[in-house]
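Fold and contact review
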Amino acid sequence: MKKKSHKHKLSSSKAGLPPGDLVYRGEVYTENKSVNLLSFNTKSFEKIDSDNVELILKKVNPDSFNWINLVGLHNTDVISKIGYHFNIHPLVLEDVLNTEHRPKAEESESYLFFTLKMFKKQEIDSEENDYEQVSILLGKNYIITFQEKEGDVLDTIREKLADENSKLRKNNIDYLFYRIIDSIVDSYYKMIEDLGDKIEHLEDSIYLNANSQHYKMAQDLRRELIFLRKSVYPLREAIAKMTKENSTGLISEDTQRYFTDVYDHSIHIIETIETYRDLTSGLMDLYMTSVSNKMNEIMKVLTIISTIFIPITFIAGIYGMNFKFMPELNHRWGYPIALFLMLGVVVVMLIFFKKRKWF
Amino acid sequence: MKKKSHKHKLSSSKAGLPPGDLVYRGEVYTENKSVNLLSFNTKSFEKIDSDNVELILKKVNPDSFNWINLVGLHNTDVISKIGYHFNIHPLVLEDVLNTEHRPKAEESESYLFFTLKMFKKQEIDSEENDYEQVSILLGKNYIITFQEKEGDVLDTIREKLADENSKLRKNNIDYLFYRIIDSIVDSYYKMIEDLGDKIEHLEDSIYLNANSQHYKMAQDLRRELIFLRKSVYPLREAIAKMTKENSTGLISEDTQRYFTDVYDHSIHIIETIETYRDLTSGLMDLYMTSVSNKMNEIMKVLTIISTIFIPITFIAGIYGMNFKFMPELNHRWGYPIALFLMLGVVVVMLIFFKKRKWF
Amino acid sequence: MKKKSHKHKLSSSKAGLPPGDLVYRGEVYTENKSVNLLSFNTKSFEKIDSDNVELILKKVNPDSFNWINLVGLHNTDVISKIGYHFNIHPLVLEDVLNTEHRPKAEESESYLFFTLKMFKKQEIDSEENDYEQVSILLGKNYIITFQEKEGDVLDTIREKLADENSKLRKNNIDYLFYRIIDSIVDSYYKMIEDLGDKIEHLEDSIYLNANSQHYKMAQDLRRELIFLRKSVYPLREAIAKMTKENSTGLISEDTQRYFTDVYDHSIHIIETIETYRDLTSGLMDLYMTSVSNKMNEIMKVLTIISTIFIPITFIAGIYGMNFKFMPELNHRWGYPIALFLMLGVVVVMLIFFKKRKWF
Amino acid sequence: MKKKSHKHKLSSSKAGLPPGDLVYRGEVYTENKSVNLLSFNTKSFEKIDSDNVELILKKVNPDSFNWINLVGLHNTDVISKIGYHFNIHPLVLEDVLNTEHRPKAEESESYLFFTLKMFKKQEIDSEENDYEQVSILLGKNYIITFQEKEGDVLDTIREKLADENSKLRKNNIDYLFYRIIDSIVDSYYKMIEDLGDKIEHLEDSIYLNANSQHYKMAQDLRRELIFLRKSVYPLREAIAKMTKENSTGLISEDTQRYFTDVYDHSIHIIETIETYRDLTSGLMDLYMTSVSNKMNEIMKVLTIISTIFIPITFIAGIYGMNFKFMPELNHRWGYPIALFLMLGVVVVMLIFFKKRKWF
Amino acid sequence: MKKKSHKHKLSSSKAGLPPGDLVYRGEVYTENKSVNLLSFNTKSFEKIDSDNVELILKKVNPDSFNWINLVGLHNTDVISKIGYHFNIHPLVLEDVLNTEHRPKAEESESYLFFTLKMFKKQEIDSEENDYEQVSILLGKNYIITFQEKEGDVLDTIREKLADENSKLRKNNIDYLFYRIIDSIVDSYYKMIEDLGDKIEHLEDSIYLNANSQHYKMAQDLRRELIFLRKSVYPLREAIAKMTKENSTGLISEDTQRYFTDVYDHSIHIIETIETYRDLTSGLMDLYMTSVSNKMNEIMKVLTIISTIFIPITFIAGIYGMNFKFMPELNHRWGYPIALFLMLGVVVVMLIFFKKRKWF
Ligand SMILES: [Mg+2]
Ligand SMILES: [Mg+2]
Ligand SMILES: [Mg+2]
Ligand SMILES: [Mg+2]
Ligand SMILES: [Mg+2]
Ligand SMILES: [Mg+2]
Ligand SMILES: [Mg+2]
Ligand SMILES: [Mg+2]
Ligand SMILES: [Mg+2]
Ligand SMILES: [Mg+2]
Ligand SMILES: [Mg+2]
Ligand SMILES: [Mg+2]
Ligand SMILES: [Mg+2]
Ligand SMILES: [Mg+2]
Ligand SMILES: [Mg+2]
Ligand SMILES: [Mg+2]
Ligand SMILES: [Mg+2]
Ligand SMILES: [Mg+2]
Ligand SMILES: [Mg+2]
Ligand SMILES: [Mg+2]
Ligand SMILES: [Mg+2]
Ligand SMILES: [Mg+2]
Ligand SMILES: [Mg+2]
Ligand SMILES: [Mg+2]
Ligand SMILES: [Mg+2]
Ligand SMILES: [Mg+2]
Ligand SMILES: [Mg+2]
Ligand SMILES: [Mg+2]
Ligand SMILES: [Mg+2]
Ligand SMILES: [Mg+2]
Ligand SMILES: [Mg+2]
């Protein structure tokens, strides 16, 4: 996520354009143009993948529930056709294409629109977390999901859908809508767990031996949390809308109850992010303190050594002077006495430092 | 609490699973599978411990009030059976198993659900405070409490229940519900008192002689307070719900009045936590200032000694030069004059420093 | 206040106890067991002090207004008797005994309960401000005040009550209730004035010559303000309740108007505390800056002296070497030329420093 | 403003006194006892100055609009008489005397009360801004203004009032009320402009050459902004009240529209103050950074010079030893070789420093 | 923007003036006095530029929609005439002239008033972003836009208006109103993108090699963000008004839907500004840390070199003393032994430093 995280592809290039002209400005992650349709009711289950969106739309079964999944938002023509078929407002289609859109739920007369980020750990040792924008449309008998990239966290749901005895098949399509959003919100937990581990390891490392890489790591953590917070805060409000009666009536009271559970999750995620922000800013303070403690110790050593040697070096300097008449120089015990004088000075100083608890 | 406190067992491993599949992801603290039932009314009092949850459920007396207590949340089958018997929503049972759940009160048609943290000081000299998640279900004539570990702060209540003359026996079961929550909230005070003492001792220690352990201790305090705050903030709102009329009608007006008292306690706890956060962040500043003051004193000593000796060492260096023609060297009083010159330089410098109030 | 201020006697020792068992956990400041009754109406005024609370309660005149004042909250038996006589809820009596209670106003069917802190400057040169918890009960024809210690800020009111022509005698008892709370709120001003003076003196001292005591003093001020804030913030809300119609109807519209004035005072106090917090945190920054400025000046002197003497001491070192073949040493003007060389180095350095504005 | 700004004459000396006893505790700025009356309607305009408040009150014309202006709040007897004549509540008169009162608007049955601070630049080069408390009473056909000191920002209004064709003469008295408050709010802009200029100059000075005076100046700015904020924040709310229908009906809908304009001004002032607070705290950071940068540069010079001379001075020290058997000393090229050795050491060090980008 | 950004031309010079006297206090950017009229309906489109505002006003077609655009707010006479023609309230005209006005939407009986900032990148390499105040009036069949300077971001709209098939021609004038505001809000994105790039580059530069210019740059960024925030925050509220039914009924439900899209944009911009503020304050911390790390490294070198050479220089000093009786001096191996002694001291010290991980 690092660098990428605060580099928004802001929509300046669309300034002045009318709404409804579908322009995709995000990155293209897939060459895919195919659309996927899952058509199911209590008795039947059908699965179609096709390049041909018109074919898919023809296959949409009015007596079943239909879940259309599209990957790759650069296929604006496909999105247009889907929008036209289901009579979607152009502004909603524009939002689907905006991969920087903040999470939001919006209700129309005949459908509900939901958009949010989905997180995914790509590989086991991958440093970077992977995320993409997902938009979901819920209509009377259909759900349409729009994704940026191949792969998502919804495969468990697809498997269950194929199973005649699963709750998903016995319920209305709003229950599927809930399960999709619930799965995506669950995907945040993995992300947050990783951050928690990173914070803990970083803290241990700083206590052990602070180095300047640690500060950079804390800064990176802080930035990830800023980004994450921005993605999750509005989500709470969007989910809260799902727990109340909508003017569309698309979500049953039973499913509203399920959304209160997702709502609890979203609050928990937000509270954890806030806690991590506090901990991360504590790590930065800790780094500064560790560095400053180390510095102080170094300075103390310098001081002690300087303070001990400067006076006795001076004494040596005195007796290095070339004056003709310096009686001490000719004294039999002059040299040992001078050495003892120096030793005395050192002892006095050590006592002075010890008293002040400098070491 | 320390390390443990920000290591949440987040629910990532349940991503995509349907709700209602009871999976426990917390730690297992007890081998216990037994359930405890206290069945009481104004006249009778009965106590049953059993391994057999079906037996317990059969013993539930419809003409008495029944308090079922379960310890060990890994017994998901037992929890399922209880849930089935009392007709509890699967999402509520899921929340019971979530030991990281934020405090919350939730009302259903036939029962009230309350979940919160309970604090307990294990032994006298134990550094770590002990806490666990407790969930409470209040029905028309039953209370069910779910705990993670053996031991709680409710033994006083159990004793009083056995006493025919106690208020607990003369009142409805909602009064027992209040007493349980009140006792748990009271358990927070011990926790907070400990933190207050720690803050005070730490402050005294830093004033005496700041060392780098103190910063670590302040950081630990800060983290404990962050954790505590997260546990208590939502509690206020949950208790506030108990002070108002619920749609369930399970809590009488009299008991609502008692909950306003618990509400006062929860606000007091929150305000104290906020005060402690302020004090703790003050401790960190104090540490930094103390360290910096100490450092300054060391630097001052270095400066003064260097500044005094550097010029007179230079003078000694001058008269240590081996030039053939240096009239002073041959002068009868050259040596004592040089010494007096050095003394003069030292005196001038001391006056300069004194004037600048450097010591 | 200092140390005491964040050492709360939290109620952990009462965990699990039923409400209504009156237990006092505060400090005992007085041996007093006597109760004081002022009974008055437009025509008569009576004053009774007695050890015997039953006697006092018998003397309560149903045709007059009665102000009962109790000092010493450890007299739980006396408080019980009063509570029983006036039919006060056990939870209210519990709150009376809680000397750490946050300010609050609570209305019952037949009385109003108000609790807050009262401040008092003990002696002129006393460093510590003195405060105590005061609880006030207003009924149809009575006021009961409960105090921790002897002495309060209400003597002016007592004098006026004895005066037949005073407004207090001509008005209803809710007006006395207002005057008591108004006087207590006025007691905060003295407290705040002292803090304002301290802040100002501290600032002057730091500008003059910052020493480490100043930081401690700023920390103490900060803690006092944290404590004060905690005592005053909830007060505003409590007084706001008095300016609106209560369900009890105990406070007339006229007196509500008077409470808006007290409400203004409470907001003013809060705003001043906030300002003082800002100023105090400014003092801490100022201290740090002053110390750092002083340190910088010291370092500058060290640098300048070192930088000047190090090179010329080196030159002296050169000509202190004992090589056989060093032509300069035998040169007639070797010594003066060396001295001039040193002088030249010093002048060049001084110009360099001057240019960089180092002094 | 400086010092004065946080030295509030808090009302502690009035503790326990009944409301309505008019006591002035502010400073006395004028010996004036005269009152000024402007009596006007569409046709006539009359102006009276007099020592005799009874005379003025007799001259109040029930068929005209009357603006009474009083300067000097120590004239409590005059204020009493005015209060008695217009039937003003004693608490309002008390507020008039409180020169520390926060801005507020309060409506009574027959009048509106408004109190706020008025700012005034005394002389061109005066460092201190001048301000005073102004209270305004609007009745059916009168306005009374109470000021602390001679001089105000209302002379333009007085001139316009004398002009028969001015909008002030053609409108109701609520329009005059608006114009007075609008003029006073406009007086804040001058104040804020000055602060803006000071911030800008201070920033330039710090960039040029930070010295410890700059920190003091930033602290003073910060304190002025704290004070200003306290004076303006509540003003917004007070003015907002004027934009809505009052129960008194004293302000017409047309004038309410004018007050929305003043409301915009008050928000603009608040936003500017907040911006200035941000900028001022930025200045403090800038000062700290500048000082620390300068310090770093000094330290760098010390380090470089020390690090260069310490090793070569050591070499000189070596050949200053008086051992009998030191072959180098007798070598023909010993001296120049030693000098070259020293030069070599210096060159190596300079390369090392250059590489590390230390200069 | 830099310097200019916090130098507000505050309206102090208008203190006391009556509202409605049109005075322009902003800067004059253009000599232009011409007004531009676009008159269009579904069938016709007309464009007129003229010096003569009366002519333009005569050309306003009651059966078409009319968009009047005025550049140069110093033309107060022209603005007066337009205001008189369309019956605009003097306070609105005053707001039009106030180039420092915060964004706001205000509805009157017959028109809607909207004012906000418009951003514009002047040239490709220009450091300074360019902005100006734009005010928009929407009436039943007209829109009037007032600008400070030549040039805007509305040319795309003008081109579309000339195209008979464009949505702008087929819709009501409220749709044009939406398109104008949408285009101006879009202009903020470019601004924000630039800031995002600057932040990123600055971060990279600081990591590479922090110098004092970087702090200045971060401070400038911070100031730009403060300014931007002030410009955008109130905008959200103003746009929110457009998404709800106005009392004027000038905006149709369809267009309200379009404004919810602009509302989303405004929230997105605000959230991005907040993120950038966080990142910028992180940059300042990063700068401080980098500088302090560099300083620490320098100090470490000084310490190590000093600590190594000070003791051995002392040894050299010892054997540079001129005592007659110093046996070592005459010893055959005295010199090499002394050198080995020095070497030993150096080795011991290096081991000591290595152990402490000082290098
Ligand atoms: Mg980011
Ligand atoms: Mg993206
Ligand atoms: Mg995907
Ligand atoms: Mg889930
Ligand atoms: Mg749940
Ligand atoms: Mg769940
Ligand atoms: Mg921080
Ligand atoms: Mg934690
Ligand atoms: Mg747990
Ligand atoms: Mg337990
Ligand atoms: Mg209790
Ligand atoms: Mg209580
Ligand atoms: Mg209690
Ligand atoms: Mg703090
Ligand atoms: Mg106490
Ligand atoms: Mg007392
Ligand atoms: Mg008072
Ligand atoms: Mg008042
Ligand atoms: Mg008062
Ligand atoms: Mg102030
Ligand atoms: Mg004043
Ligand atoms: Mg005046
Ligand atoms: Mg004005
Ligand atoms: Mg205006
Ligand atoms: Mg105006
Ligand atoms: Mg700031
Ligand atoms: Mg401008
Ligand atoms: Mg323009
Ligand atoms: Mg747009
Ligand atoms: Mg959109
Ligand atoms: Mg758009």
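Residues numbered from 1 in each chain as written. Chains lettered and ligands numbered in written order. Predicted model: local features only at pLDDT ≥ 70, side-chain atom pairs only at ≥ 80, totals over all residues. Heavy atoms only, no water.

You'll find chain A entered in an unreviewed UniProt entry as Magnesium transport protein CorA, with Vicingus serpentipes given as the organism. UniProt, in the comment section headed Sequence similarities (unreviewed entry), describes chain A in these words: "Belongs to the CorA metal ion transporter (MIT) (TC 1.A.35) family." You can read under Function (unreviewed entry) in the UniProt record for chain A the words "Mediates influx of magnesium ions." (UniProt positions renumbered as here; feature names shortened; annotations may be inferred.)

To continue, consider the overall build of chain A. Along chain A, the regular secondary structure elements total 10 helices and seven strands. Against the compact-globule benchmark of 21 Å for 359 residues, chain A has a radius of gyration of 34 Å, which places it well outside the compact range. In terms of overall dimensions, chain A has a C-alpha envelope of 120 × 40 × 35 Å along the principal axes. Looking at chain A as a whole, 61% of its 359 residues qualify as buried. Across chain A, contacts joining residues at least 24 apart in sequence account for 69% of those joining residues at least 6 apart. Of the roughly 14,600 Å² of accessible surface on chain A, 53% is carried by carbon and sulfur atoms. (Helix = DSSP H or I, 4+ residues; strand = E, 2+ residues; numbered from the N terminus. Rg over C-alpha atoms; globule rule 2.2 N^0.38 Å. Buried < 20%, exposed > 50% of the residue type's maximum accessible area, 1.4 Å probe, protein only. Contact = heavy atoms within 4.5 Å. Areas by Shrake-Rupley, 256 points an atom, 1.4 Å probe, with all protein chains shown as cover.)

With that settled, the discussion passes to helix H3 (residues 90-97) of chain E. Helical periodicity: at 3.6 residues per turn, an α-helix aligns residues three or four positions apart in one direction. Within H3 of chain E, seven of the eight residues are buried, which leaves the element mostly enclosed by the surrounding structure. Within the sequence span of H3 of chain E, burial applies to Leu-91, Val-92, Leu-93, Glu-94, Asp-95, Val-96 and Leu-97 of chain E. Of the surrounding elements, those touching the buried residues of H3 of chain E are helix H8 (253-318) of chain D together with helix H2 (76-86), strand E4 (104-107), strand E5 (112-120), strand E6 (130-138) and strand E7 (142-147) of chain E.

Let's shift gears to the confidence of the model for chain A. Residues and elements named next belong to chain A. A residue-level look at chain A finds 92% of positions with pLDDT of 70 or above and a mean pLDDT of 88. Considering only residues more than four positions removed or in separate chains, one finds that residues 1-10, a stretch of pLDDT under 50, has 36 contacts. Here the predicted complex carries an ipTM of 0.84, next to a pTM of 0.86. (pLDDT = per-residue confidence, 0-100.)

Turning our eyes to something else, we now look at the pattern of salt bridges. The final tally for this structure, using the stated rule, is 105 salt bridges over all chains. When the shortest N-O distance is used, the salt bridge between Glu-271 of chain A and Arg-102 of chain B registers 2.7 Å. Residue Glu-271 of chain A is found in helix H8 (residues 253-318), and its partner Arg-102 of chain B is found in the loop between helix H3 (90-97) and strand E4 (104-107); the two belong to separate chains. Summarising the burial analysis for this pair, Glu-271 of chain A and Arg-102 of chain B share the class buried. Via salt bridges that share partners, Asp-95, Lys-104 and Glu-106 of chain A together with Arg-257 and Asp-264 of chain E belong to a single interconnected network. (Salt bridge = Lys/Arg side-chain N within 4 Å of Asp/Glu carboxyl O.)

What follows is about the side chain of Arg-223 of chain A. Here Arg-223 of chain A is to be found in helix H7 (residues 212-242). With a relative accessible area of 6%, Arg-223 of chain A lands in the buried category. At 2.7 Å, the side chain of Arg-223 of chain A forms a polar contact with the side chain of Glu-203 of chain E. (Polar contact = N/O pair within 3.5 Å; in protein donor to acceptor, adjacent residues only side chain to side chain.)

Of the residues lining the interface, 65 residues belong to chain E; the matching set on chain D comes to 63 residues. On inspection of chain E and its partner chain D, the count reaches six salt bridges. Inspection of the region where chain E meets chain D yields 16 residue pairs in polar contact (both at pLDDT 80 or more). The set of elements that each furnish at least two residues to the side of chain E that touches chain D consists of H3, E4, helix H7 (212-242), helix H8 (253-318), helix H9 (327-330) and helix H10 (334-355) of chain E.

The next thing to look at is the domain arrangement of chain A. Looking at the assigned domains, one finds that chain A contains domain 1 (17-289) and domain 2 (295-356). Here the C-alpha centre of domain 2 of chain A lies 74 Å away from the C-alpha centre of domain 1 of chain A. (Domains from an automatic or database assignment.)

Residues Phe-114 of chain A, Phe-114 of chain B, Phe-114 and Phe-177 of chain C, Phe-114 of chain D together with Phe-114 of chain E are the most contacted members of the largest nonpolar core, which totals 325 residues. Among all residues touching Phe-114 of chain C, those that are not within four sequence positions of it are Lys-104, Ala-105, Val-134, Ser-135, Ile-136, Phe-177, Ile-181, Leu-235, Ala-238, Ile-239 and Met-242 of chain C. Residues Phe-353 of chain A, Ile-298 and Ile-315 of chain C together with Ile-315 of chain D belong to the second largest nonpolar core, which totals 120 residues. (Core = buried A, V, L, I, M, F, W, Y, C linked by side-chain atoms within 4.5 Å.)

Residue and element names in this part refer to chain B. Protein ligation of the magnesium ion (ligand 11) involves Asp-182 (OD) and Asp-186 (OD), the donor distances falling in the range 2.4 to 2.5 Å. Taken as a pair, the magnesium ion (ligand 11) and the magnesium ion (ligand 13) show a spacing of 3.7 Å. Note that Asp-182 and Asp-186 are positioned in helix H6 (residues 173-209) at a spacing of four residues, about one turn of the helix. Since its relative accessible area comes to 5%, Asp-182 is described here as buried. (Donors = N, O, S within 2.8 Å, 3.2 Å for Na, K, Ca; no water.)

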